[in-house]
Amino acid sequence: MPTRTRISVPRLAVDSATPAGRARLVAAQLPAEASPAPAPAPLPSPSAPLRVLLIDDGAHRVALIRDELSRLGCDVVGVIEQATLIHDCVLRLAPDVVIVDSESPTRDTLEHLALMGSRSPRPVVVFSESDAEDPMRQALKAGVSAYVVAGLRPERLAPVLKVAIARYEQEAEVRAELEGMSARLAQRKTIERAKGLLMKSAGIDEDAAFQRLRRQAMDRGLALHEVAAKVIEAHELRDAGLI
């Protein structure tokens, strides 16, 4: 994902009622506002404009969104109508944010958003005219950062973008922390297994096995778990009669 300046994110609101109907923002809790707010100021100008990919998923209102994004100083890098092109366009155009405008997100769109989220994750905003729960749940499961029901008002686009980006960044930090914990746990298991193999093959106790691994790691300039993996590999090859 290209480098960009962070957008400061205050707590923002989506109108609880409008003449056109109720609007809700799912995936972020926003305080209600007493009356319609005036059009917000443009997003803070980063060194490079926020790059946005638009997906027309049947609502055919992307021109309205594109005009407001341009007013906010964003760079609309592409507009697509085929869900199958989402991942390829994300790779080729490198948007910072993806916006989907739909009557109700189609299965193909949700599947390709999930594919994008697993391979090239980034903030995703979905505007939908349907409040059906199943598409909403599937969208959030696919990694959508903000799901807005019956709430496509140009003056609310900037706040919704800010919330979506903030939520995405928060979830990215949590994912990175969980992945780090998983990696450390796997490394610990590798070290414990290598110690057990050394204890059995060399007839030494646990402390001596650990010290042997530690010396080898220092001598070779490797991490302890890397040496442990090599010890396991050597024992497996020996058991298979290959060395």
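Provided above is the structure to which this section pertains.
Model, not experiment: these values are computed from the prediction.

Quick notes on the rules
- Residues numbered from 1 in each chain as written.
- Predicted model: local features only at pLDDT ≥ 70, side-chain atom pairs only at ≥ 80, totals over all residues.
- Heavy atoms only, no water.
- Core = buried A, V, L, I, M, F, W, Y, C linked by side-chain atoms within 4.5 Å.
- Buried < 20%, exposed > 50% of the residue type's maximum accessible area, 1.4 Å probe, protein only.
- Helix = DSSP H or I, 4+ residues; strand = E, 2+ residues; numbered from the N terminus.
- Contact = heavy atoms within 4.5 Å.
- Salt bridge = Lys/Arg side-chain N within 4 Å of Asp/Glu carboxyl O.

Engineer: Lay out the nonpolar core in plain terms, naming residues and giving numbers.
Structural biologist: Counting residues in hydrophobic clusters, the biggest one holds 22 residues, and the most contacted among them are Ile86, Val98, Leu113 and Val124. When residues of this core are traced back to their parent elements, those giving at least two are β2 (51-57), β3 (75-80), α2 (86-93), β4 (97-102), α3 (107-119), β5 (124-128), α4 (133-141) and β6 (146-149). Excluding residues that lie within four positions of it along the chain, Val124 makes contacts with Val98, Val100, Leu113, Met116, Val144, Ser145 and Ala146.

Engineer: So, the pattern of salt bridges: which residues are in play, and what are the values?
Structural biologist: For the structure on display, the rule yields 10 salt bridges. Note that Asp75 is salt-bridged to Arg51, the shortest N-O span being 3.7 Å. Highlighted residues: Asp75 in strand β3 and Arg51 in strand β2, separated in sequence by 24 residues. Judged by relative accessible area, which is 27%, Arg51 ranks as partly exposed. Put simply, Lys195 and Glu206 hold a salt bridge, and the shortest N to O gap is 2.9 Å. Taken together, the positions of Lys195 in helix α5 (residues 157-202) and Glu206 in helix α6 (residues 206-220) put the pair 11 residues apart, joining distant regions of the chain. A cluster of three or more residues bridged by salt bridges with shared partners is formed by Arg61, Asp101 and Glu129.

Engineer: Outline the side chain of His112, supporting the account with residue identities and numerical values.
Structural biologist: With respect to the helices, strands and loops of the structure, His112 is situated in helix α3. Sequence-distant contacts of His112, that is, excluding residues within four places in its chain, are made with Ala83, Thr84 and Ile86.

Nothing here speaks to function; it is all geometry.
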